[in-house]
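Below are the chains, spelled out letter by letter.
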Amino acid sequence: MKSIMQDYEAEPWCFECGSPYNLQEHHCIEGRGRRKLSEKYGLKILLCGMGGCHDKGHRQNPELLKKWQRLAEQAFLDYYDATIEDFRAIFGINFL
């Protein structure tokens, strides 16, 4: 599914810093099968790679990763007109 968080065609740049270079798709909710669920529900963004925002979020800045997870959960709630309980039932976790 296409991202419900970022329109890649209209916004072809890093979700975090705005760079248009070396973009990688980031699945905002990961672990224990959640990456596939992120794909299914469109919870993904573009991030610059090779030492950029993608690497920083995964390896150097857990708060940045949490920010993207909270934004993804909120996007899910808004897009699917869902509740936190709905999100938790699907992903087994919540961030809000």
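The preceding data block contains the structure.
Worth saying up front: this structure is predicted, and the values here are computed from it rather than measured.

Reading the values: rules and limits
- Residues numbered from 1 in each chain as written.
- Predicted model: local features only at pLDDT ≥ 70, side-chain atom pairs only at ≥ 80, totals over all residues.
- Heavy atoms only, no water.
- Helix = DSSP H or I, 4+ residues; strand = E, 2+ residues; numbered from the N terminus.
- Axes fitted to C-alpha atoms, helices over the stretch in contact; angles between N-to-C directions.
- Parallel < 35°, antiparallel > 145°, perpendicular 65-115°, else oblique.
- Contact = heavy atoms within 4.5 Å.
- Nonpolar A, V, L, I, M, F, W, Y, C, P; charged D, E, K, R; others polar.
- Buried < 20%, exposed > 50% of the residue type's maximum accessible area, 1.4 Å probe, protein only.
- Lys, Arg positive; Asp, Glu negative; His and termini not counted.
- Salt bridge = Lys/Arg side-chain N within 4 Å of Asp/Glu carboxyl O.
- Arc of directions from axis to C-beta.

**Details of the environment of Gly 52**
Tracing the chain through its elements places Gly 52 in the loop between β2 (44-48) and α2 (53-60). In sequence terms Gly 52 and Tyr 80 are 28 residues apart; their C-alpha atoms lie 31 Å from each other.

**Focus on the packing of α2 against helix α3 (residues 62-79)**
Closest axis-to-axis distance for the α2/α3 pair is 6 Å, and the angle between their directions is 110 degrees. Here α3 runs roughly perpendicular to α2, going by the angle between their axes. Where α2 approaches α3, its residues Cys 53, Gly 57 and Gln 60 are matched on the opposing element by Pro 62, Leu 64, Leu 65 and Trp 68. Residue classes in the contact of α2 with α3 are distributed as five nonpolar, two polar and no charged.

**Overview of the side chain of Glu 73**
Within the fold, Glu 73 resides in helix α3. No salt bridge is formed by the buried Glu 73. Its closest oppositely charged neighbour is Arg 88, at 6.5 Å. The contact partners of Glu 73, leaving out residues within four places of it in the chain, are Ile 84, Phe 87, Asn 94, Phe 95 and Leu 96.

**Comments concerning helix α1 (residues 34-41)**
Of the positions making up α1, those classed as buried are Arg 34, Ser 38 and Tyr 41. In a view along the axis of α1, the buried residues occupy a sector of 80 degrees, so they form one face of it. Exposed and oriented more than 90 degrees from the buried face of α1 are Lys 36 and Lys 40. Looking at the buried positions of α1, the neighbouring elements they touch are β1 (23-27), α3 and α4 (84-91). Downstream of α1 by one or two residues, Gly 42 has phi in the positive range, about 75 degrees.

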